[in-house]
Amino acid sequence: RVHGASRTVCRNPMHKEQRARKGGAQAAYNKNKQRVSNGNAGPADASRSRKRFSAGREMDDDAKAFMVKITGITPQTTRGDLKAFLDSQCPITFRYTNLEMRGTHAIMTVDASNVAGALVGISGARLGQNKLQISHYHGSKGVVQTGRTFVGAVKAITDNARVEQKLQQVLQNRYNAEIMFLDLKELHKSIKMLGNVRLSLNRKDIVTKLFTEIKTLFPNLVTLSLENNSITHLNQFSHIKQYVPQLLNLSLEKNQIASVHELRHLRQLRLKELMLGQNPCMLSLARGDY
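Parameters and conventions
Residues numbered from 1 in each chain as written. Predicted model: local features only at pLDDT ≥ 70, side-chain atom pairs only at ≥ 80, totals over all residues. Heavy atoms only, no water. Helix = DSSP H or I, 4+ residues; strand = E, 2+ residues; numbered from the N terminus. Contact = heavy atoms within 4.5 Å. Areas by Shrake-Rupley, 256 points an atom, 1.4 Å probe, with all protein chains shown as cover. Pairing = 2+ DSSP bridges. Axes fitted to C-alpha atoms, helices over the stretch in contact; angles between N-to-C directions. Buried < 20%, exposed > 50% of the residue type's maximum accessible area, 1.4 Å probe, protein only. Expected span 1.5 Å × (residues − 1). Salt bridge = Lys/Arg side-chain N within 4 Å of Asp/Glu carboxyl O.

So, about the overall build of the chain. Counting secondary structure elements, the chain contains eight helices and 15 strands. Look at the contacts in the chain between residues 6 or more apart in sequence, and 66% of them connect residues 24 or more apart. When the accessible surface of the chain is summed, it comes to about 16,500 Å², and 48% of that surface belongs to carbon and sulfur atoms.

Within a sheet, each strand pairs with its neighbour through backbone hydrogen bonds, oriented either parallel or antiparallel. Within the open sheet, the four strands sit side by side as β4-β5-β3-β8. Their pairing is antiparallel. Edge strands, defined here as strands with exactly one partner in the open sheet, are β4 (96–101) and β8 (133–137). Here the average twist between neighbouring strands, direction ignored, is 20°. Summarising the sheet, strand β3 (residues 66–71) and strand β5 (residues 105–110) pair through six bridges and their orientation is antiparallel. If you follow lysine 69 over to β5, its bridge partner there is isoleucine 107. Sheet contacts for helix α4 (residues 79–89): β3, β4, β5 and β8; angle to β4, the most-contacted strand, approximately 130°. With respect to the sheet, helix α5 (residues 113–121) is in contact with β3, β5 and β8, its orientation differing from that of β8 by roughly 150°.

Read across the open sheet, the five strands follow the order β9-β10-β13-β14-β15; overall the sheet is mixed. Each end of this open sheet is capped by a strand with a single partner; those strands are β9 (175–176) and β15 (273–275). Taken together, the three bridges between strand β13 (residues 223–225) and strand β14 (residues 249–251) define a ladder with parallel strand orientation. Counted as the bridge partner of threonine 223 is asparagine 249 from β14.

This part is about the environment of threonine 77. Note that threonine 77 resides in the loop between β3 and α4. Owing to a relative accessible area of 15%, threonine 77 belongs among the buried residues under this scheme. Each C-alpha atom, one on threonine 77 and one on histidine 105, is 9.7 Å from the other, the two residues being 28 residues apart in sequence. Ignoring sequence-local partners within four residues, the contact set of threonine 77 consists of Leu82, Met101 and Leu127.

All right, on to helix α7 (residues 204–217) then. Its 14 residues give α7 an end-to-end C-alpha distance of 20 Å, which sits within 8% of 20 Å, the value for a rise of 1.5 Å per residue. Here α7 has its buried residues at Ile206, Val207, Lys209, Leu210, Phe211, Glu213 and Ile214. For α7, the secondary structure elements touched by its buried residues are α6 (161–173), β10 (181–183), β11 (193–194), β12 (197–198) and β13.

Before going further, it helps to examine the pattern of salt bridges. This structure, assessed with the given rule, holds six salt bridges. In this structure, the salt-bridge partner of lysine 185 is glutamate 227, at a minimum N-O distance of 3.8 Å. One end of the pair, lysine 185, is in the loop between β10 and β11; the other, glutamate 227, is in the loop between β13 and β14, with 42 residues separating them in the sequence. Assessed through its relative accessible area of 33%, lysine 185 is described here as partly exposed.

Structure below.
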């Protein structure tokens, strides 16, 4: 310490470093940048400061809006149809602040990074016969695949007694014991969330949880309706025979199954009747493509 007449000047480098940290990420970045330029520090110092500065910028970005670009739609796709489809596919509940339809693509603005990440995560889902591609969008800078992992983008099902009780109640209310028929038509209207996860029969973990309860409650189930549940593919049902070994009749009507080749995932089932009415794949069946 150098003592002057009017003040004490601190020459301790540790105190100087502490003041720089208190000044925030920008001050630390500028300080280390100067040290590198003077030859007093190595590249590691600049790297650390850049990381702190970048972290500060990411925290600021979290307060901003996030955009995703959705390609593969048609000019006939309405805003309501697209939102309803994304609602059925996205593993987390979300709201959008703006949705701009631009013919063959759309720009959706959401207010959280984990929502944007979850939407990008369902890229490849089929809306009718069209395969949607969803990517992060940064306005005039164009589309950027950031590769970041968003916390909470895909949540696991909360496994607790309350979730099981709610699901069992819904299943029991929809079961006809006389004809051993379980009607799960528009299941999302009875139970929108399964624990902390949006109920979607396009997710294998949801399907497994559902059929585990079905096996427990109705081991001799013969007829099952999954009508109008926004199902786009069937690979998540490839293992269900172990849960419903007596199943003979299955309805998948009014879903969004685009390809008849998805039916290969049901070959293990010994069905007498499979209903596929009002699915896009019925056009292929009518043409004799399968």
